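# Structure assessment
Read off the chains here:
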Amino acid sequence: MSEQKLALMGGKPVSESLVCPQWPPVEEATSQKLVDIYWSRQWSFNGLYERNFAYNFATFHDVKYGVFMTNGTVTLQCALAAYGIGKGDEVIVPALTWLATAMAVSYLGAIPVFVDIEPTTLCLDPKKVKLAITDKTRAIIPVHLYGSMADLDAILDIAQHHNLVVIEDCAHTHGGRWRDRRVGSWGDVGSFSFQQSKVMASGEGGICITNNAETAERLFRLKHIGYASYMSKGQTISGSTSELTCYNFRATEFQAAILENQLLGLEQRLATYNQNAARLKSHLADVPGVRMQVQGKAANPQSYYALVLIFDEEPLVRVPLKILLKAIAAEGLHINPTYGAVYQHILFNLPKTKYRVAETLCPVAEELATKHCATIAHQWLGADEQTINIISDILIKVIVNAEALVYKYA
Ligand SMILES: Cc1ncc(COP(=O)(O)O)c(C=O)c1O
């Protein structure tokens, strides 16, 4: 593409009508189920839709048990609690993630220890994980972030060597495979979110999956105020949960029904996302100045919560990210920065005594991820070929004409 005046500087935008596919998806069949549930008056308490969905989601992952909950934060909290993790214990989390990953640790009185990410995948760096382990470390939470997968081979190896629990945070990774198995099935527990923006979305919601029967029962009791899945309402048995602090983290039948058909369509959705991600990657492959988040080395296929662009090469590295995003928006495409390092996020308010940044520090999360990365939300990857071509044109126009931004804003 030749030099052109950027829209931010008064030029003609590439598109004035680019429309992001609507999210979450809606359909008549689900709408009818919701009406039926409403009239049935069976809205909660381990109902038929919940039991079916938990079973189907676990089976989809080739895992034995699924425990459905209110969101993907309490799933992490319960997963840690199921292994007795609490006050004074340390849990390793990546420095780049949504802050829920760390808060779930903190809610139990444990200490989140932030470890840096790889500059390629933007996921937890196993070499730095090793260096952060102390005699208080009890667990690692690898997050499969945006559109990549943490190096499960290396992390599971380290965990086994140090006898640590692994909770996979799959809030961004529905349906992706690591080698021949789906993510979420590799760690002791896989934790998923179904919050409104996620690739499977029920407004709010979450699930834990595990192959361990004892863990599954503890997870169920933790979220169902002490009841086991085989107990009926009103039935109590004394003493059985005395060592667990149980909660009401129950989700409803409505959420389970919304997710039922989304699960059936997930593989098709991922195929479309992968095809469009490959298209965008190939369009941008020879454009100097931008690279993409690298997918997990054994991803097969990848699952996308977002496609991450990394602007860490000349001349774009010199353009403030805010300006770059404005320039892209002016051409017709609205994309966002990443979360940035958790402990620098405006909503993160733990006192310094309640978390630790690993001694190796987190320059990749603080510099690269915060200042040079942008995320294209997954729903764009569900768009038609023409829209994907326009997205490429916008990015290429801004990148090719970046010198003008450097001149004015750097
Ligand atoms: C990586 C990650 N972990 C955990 C969560 C928490 O999920 P929820 O919002 O369902 O509590 C999120 C949500 O955005 C997330 O992005």
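Residues numbered from 1 in each chain as written. Predicted model: local features only at pLDDT ≥ 70, side-chain atom pairs only at ≥ 80, totals over all residues.

## Brief notes about the overall build of the chain
- Per the secondary structure count, the chain includes 13 helices and 14 strands.
- Relative to a compact globule of 410 residues, whose C-alpha radius of gyration would be 22 Å, the chain shows 22 Å and is just as compact.
- Taking the principal axes of the C-alpha coordinates as reference, the chain spans close to 75 × 55 × 35 Å. (Helix = DSSP H or I, 4+ residues; strand = E, 2+ residues; numbered from the N terminus. Rg over C-alpha atoms; globule rule 2.2 N^0.38 Å.)

## Details of the pairing of strand β11 (residues 306–310)
- Burial of β11 is extensive: five of the five residues sit out of reach of the surface.
- Neither face of β11 is exposed, since Ala 306, Val 308 and Ile 310 on one face and Leu 307 and Leu 309 on the opposite face are all buried.
- Relative to β11, strand β10 (residues 291–292) runs antiparallel, the two being bridged by two bridges. Paired with Met 292 across the two strands is Leu 309, which belongs to β11. (Buried ≥ 20, exposed ≤ 12 C-beta atoms within 10 Å, placed from the backbone. Pairing = 2+ DSSP bridges.)

## Some thoughts on helix α8 (residues 253–264)
- For α8, with twelve residues, the first-to-last C-alpha span of 17 Å sits near the 16 Å given by 1.5 Å per residue.
- Buried residues of α8: Glu 253, Gln 255, Ala 256, Ala 257, Ile 258, Leu 259 and Gln 262, and no others.
- Where the residues of α8 are buried, they touch α1 (28–40), α2 (48–60), β1 (65–69) and α9 (266–284). (Expected span 1.5 Å × (residues − 1). Contact = placed C-beta atoms within 7 Å.)

## Considering the sheet that holds strand β12 (residues 336–337)
- In space, the four strands of this open sheet follow the order β10-β11-β14-β12, with antiparallel pairing throughout. A strand with exactly one partner marks an edge of an open sheet, and here the two such strands are β10 and β12.

## Describing the environment of Ala 377
- If you trace the backbone, Ala 377 turns up in strand β14 (residues 373–377).
- Accessibility expressed as a C-beta count within 10 Å gives 18 for Ala 377, which makes it partly exposed.
- Along the backbone, Ala 377 and Ser 197 are 180 residues apart, and their C-alpha atoms lie at a distance of 8.9 Å.

## What to know about the domain arrangement of the chain
- Entries for the chain in the domain assignment read domain 1 (7–24 + 266–409) and domain 2 (28–264).
- Residue assignment for the side of domain 1 that touches domain 2 shows that the elements contributing at least two residues are α9, β11, β13 (356–357) and α11 (363–372).
- Per-element tally for the side of domain 1 that touches domain 2: the top contributor is α11, with five residues. (Domains from an automatic or database assignment.)

## What about the environment of Leu 164?
- Looking at where Leu 164 falls in the secondary structure, it is placed in the loop between α6 (152–162) and β5 (165–169).
- Here Leu 164 falls in the buried class, since 21 other C-beta atoms lie within 10 Å of it.
- Placed 24 residues apart in sequence, Leu 164 and Ile 140 show a C-alpha to C-alpha distance of 6.9 Å.
- In contact with Leu 164, other than residues within four places in its own chain, are Thr 137, Arg 138, Ala 139, Ile 140 and Ala 159.

## Notes on the pairing of β14
- In terms of strand pairing, β11 meets β14 through five bridges, oriented antiparallel. In the strand pairing of β14, Leu 309 is matched with Ala 374.
- Both β12 and β14 contribute to a ladder of two bridges, which runs antiparallel. Counterpart to Asn 336 in the pairing with β14 is Thr 375.

## Here's the deal with the confidence of the model for the chain
- Across the chain, pLDDT averages 95, with 98% of residues at or above 70.
- For the chain, the element scoring lowest by mean pLDDT is helix α13 (residues 402–409), at 89; strand β2 (residues 90–94) scores highest, at 99. (pLDDT = per-residue confidence, 0-100.)

## Observations concerning the sheet that holds β5
- Taken in spatial order, the eight strands of this open sheet run β1-β9-β8-β5-β4-β2-β3-β13, and their pairing is mixed. Two strands lie at the open edges of the sheet, namely β1 and β13, each paired on one side alone.
- Sitting on the sheet, α2 touches β1 and β9 (206–210), and the angle it makes with β1 is about 130 degrees.
- In the packing of helix α4 (residues 100–107) onto the sheet, the strands contacted are β2, β3 (111–115) and β5, and the crossing angle to β2 comes to about 170 degrees. (Axes fitted to C-alpha atoms, helices over the stretch in contact; angles between N-to-C directions.)

## A short note on the packing of α9 against helix α12 (residues 385–400)
- Where α9 meets α12, the axes come as close as 10 Å, and the angle between the chain directions of the two elements is 30 degrees. It follows from the interaxial angle that α9 and α12 lie roughly parallel. Remark: the crossing between α9 and α12 carries right-handed chirality. Judged by residue contacts, Asn 276, Arg 279, Leu 280, His 283 and Leu 284 of α9 engage Ile 388, Ile 391, Ser 392 and Leu 395 from α12. (Parallel < 35°, antiparallel > 145°, perpendicular 65-115°, else oblique. Left-handed = near helix turned anticlockwise from the far one by under 90°.)

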